[in-house]
Amino acid sequence: MSLPLSAAQFVTLAAEGGEEHGGNHESLSPYVTGFGAFIILLLLLWITTRFNRDR
């Protein structure tokens, strides 16, 4: 199977799937997802700064 043929099949599959589901799940709130990602990034930043005390 060649790469252009595979890419064309994936594009067709993605186009068909988007019409049925709409792309978003009903239980996912963008605000909760964004706030959760922000908290995780702040936690990772805090952990990173704890390991770099010599700077």
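Parameters and conventions
Residues numbered from 1 in each chain as written. Predicted model: local features only at pLDDT ≥ 70, side-chain atom pairs only at ≥ 80, totals over all residues. Heavy atoms only, no water. Helix = DSSP H or I, 4+ residues; strand = E, 2+ residues; numbered from the N terminus. Buried < 20%, exposed > 50% of the residue type's maximum accessible area, 1.4 Å probe, protein only. Areas by Shrake-Rupley, 256 points an atom, 1.4 Å probe, with all protein chains shown as cover. UniProt positions renumbered as here; feature names shortened; annotations may be inferred. Patch = residues over 30% accessible without salt bridge, like charges linked within 9 Å, V, L, I, M, F, W, Y side chains within 5 Å. Salt bridge = Lys/Arg side-chain N within 4 Å of Asp/Glu carboxyl O.

Looking only at helices and strands, the chain features two helices and zero strands. Out of the 55 residues in the chain, the part that is buried amounts to 2%. By element, 68% of the accessible surface of the chain is carried by carbon and sulfur atoms, the whole surface being about 5,500 Å².

A few words on the UniProt feature "transmembrane region" (unreviewed entry) in the chain. The UniProt feature table records "transmembrane region" (unreviewed entry) at residues 27-47. This span, residues 27-47, is 86% helix and 0% strand, and a straight line between its end C-alpha atoms measures 31 Å.

A few words on a nonpolar patch on the surface. A contiguous nonpolar surface patch, about 780 Å² in accessible area, is contributed by Ile-40, Leu-41, Leu-43, Leu-44, Trp-46, Ile-47 and Phe-51. In this structure, Ile-47 sits in helix H2 (residues 30-51).

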